[in-house]
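Listed below are the residues making up each chain.
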Amino acid sequence: MPILEFQHVSKVYHNSTKALDDLSFSVEEGEFLSIIGPSGAGKSTILRCINRLIDATEGKIIYDGADVMQVGKGQLRKIRTKTGMIFQHYNLVDRLSVMENVLHGRLGQKSTFTGMIGHYTEAEKEKAFSILSELGLAEQAYKRCDALSGGQKQRVGIARAIMQEPKLILCDEPIASLDPKASKTIMDHLAQINQTRKITCIVNLHQVDVAMKYSNRILGIAAGKVVFNGTPAELTQEKIHAIYQSNDKDLMLDVQGEVI
Ligand code: ADP
């Protein structure tokens, strides 16, 4: 039973850009799916349609049994609560502590009032600290986020997502701003969460080799269409060329990047 299904989804932005073009795919519960493709292919648009940060123009998105484009406010809130998001630029509140940022992961489960006054239970604080320890950030827990390195900030982003107890984590270019060592740490943590917590992960990636190393399945997107949907073993050089729409050998090297 898929946790997520895109059925003939299209997205046209206000300026008439067609970002998604009759796109269909599904994701099974527990999968680690990478989405690869050139810049502007529509990867980020796909993720943002799932929890309605933007609205798709046509088609159907079924997520955990709900028709995402038809749900009311209450159900949309539920959808957002069970969906963690990890961004290239972390999206943390820099002037707040690491703990406070992680506790923000609970906001979706609280009333507006208790969320606003920043009231968290001892159990929630203990849970936040335990997640931070798991991610190797116990010593950073009470530091301000702006004192951290990029790799540490991204681990805080992951901790905040776990704090939500999500069914699905969407990662939009999570390692694009990080060096190879920090990138490996982040990808290893995502793989670990996927395997031990059984959280489905969808990860937009720039690096084909990283997608091949970590994914159960890879979706190749070009110009808003699915051009590849298969296992890493099925992703041949020819298919990579088709996704990146180039016969240029240099581009091949470029998109493969550094093996981490
Ligand atoms: P990717 O994540 O693969 O780089 P995006 O989903 O960001 O691709 O973008 C797909 C297409 O939609 C691109 O042509 C991009 O310029 C366009 N696009 C993205 N966001 C907007 C927006 N808010 N308004 C108009 N066009 C957009």
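Residue numbers here run from 1 along each chain, matching the order of that chain's written sequence. The model is predicted, so local features are restricted to residues of pLDDT at least 70 and side-chain atom pairs to those at 80 or more, both for listing and for counting; the totals for chains, interfaces and linings are taken over all residues. To obtain the side-chain values, all non-hydrogen atoms of the structure were used and water was disregarded.

A. Region of interest: the sheet that holds strand 10 (residues 225-230). Spatially, the six strands line up as an open sheet ordered 6-7-8-3-9-10, and their pairing is mixed. Each having just a single partner strand, strand 6 (83-87) and strand 10 make up the two edges of the open sheet. The mean angle between the axes of side-by-side strands here comes to 15°, regardless of whether they run parallel or antiparallel. Of the pairings in the sheet, the one linking strand 3 (residues 32-36) to strand 8 (residues 200-204) comprises four bridges and is parallel in character. Each pair of strands is called paired provided DSSP finds at least two bridges between the two strands. Runs of H or I in DSSP of at least four residues are treated as helices and runs of E of at least two as strands, each being numbered from the N terminus. Axis definition: a line fitted to C-alpha atoms, over the contacting stretch in the case of helices. Angles run 0 to 180 degrees between N-to-C directions.

B. Structural view of the pattern of salt bridges. The rule for a salt bridge is simple: a side-chain nitrogen of Lys or Arg has to be within 4 Å of a carboxyl oxygen of Asp or Glu. With the rule as written, the count across this model stands at 14 salt bridges. Ionic pairing is found between K127 and E165, a salt bridge with its closest N-O pair at 3.0 Å. Of this pair, K127 sits in helix 5 (residues 122-134) while E165 sits in the loop between helix 6 (150-163) and strand 7 (168-172); the two residues are 38 residues apart in sequence, bridging distant segments of the chain. Categorising residues by exposure relies on relative accessible area from a 1.4 Å probe, with only protein chains included: less than 20% of the type maximum marks a residue as buried, more than 50% marks it as exposed, and the intermediate range marks it as partly exposed. Here K127 falls in the partly exposed class, since its relative accessible area comes to 26%. Ionic contacts of the salt-bridge type, sharing partners, join the residues E29, D64, K82 and K167 into one network.

C. Looking closely at the sheet that holds strand 4 (residues 58-63). One open sheet holds the four strands; their spatial order is 2-1-4-5, and the pairing between them is antiparallel. Looking at strand neighbours, the two that pair on one side only are strand 2 (18-28) and strand 5 (66-67), the edges of this open sheet. Looking at chain direction, strand 4 and strand 5 are connected through two bridges and run antiparallel. Paired with Y63 across the strands is A66, a residue of strand 5. Contacts from helix 1 (residues 43-50) reach strand 1 (2-12), strand 2 and strand 4, with the element oriented near 65° to strand 2. Throughout, a residue-residue contact means that at least one pair of heavy atoms, one from each residue, lies within 4.5 Å.

D. Region of the structure containing the pairing of strand 2. Sheet topology places strand 1 next to strand 2; seven bridges connect them, and they run antiparallel. Residue L4 lies in a different strand from strand 2, and its bridge partner there is V27. Adjacent in sequence and paired antiparallel, strand 1 and strand 2 are bridged by five residues, among which S16 carries a positive phi angle near 75°.

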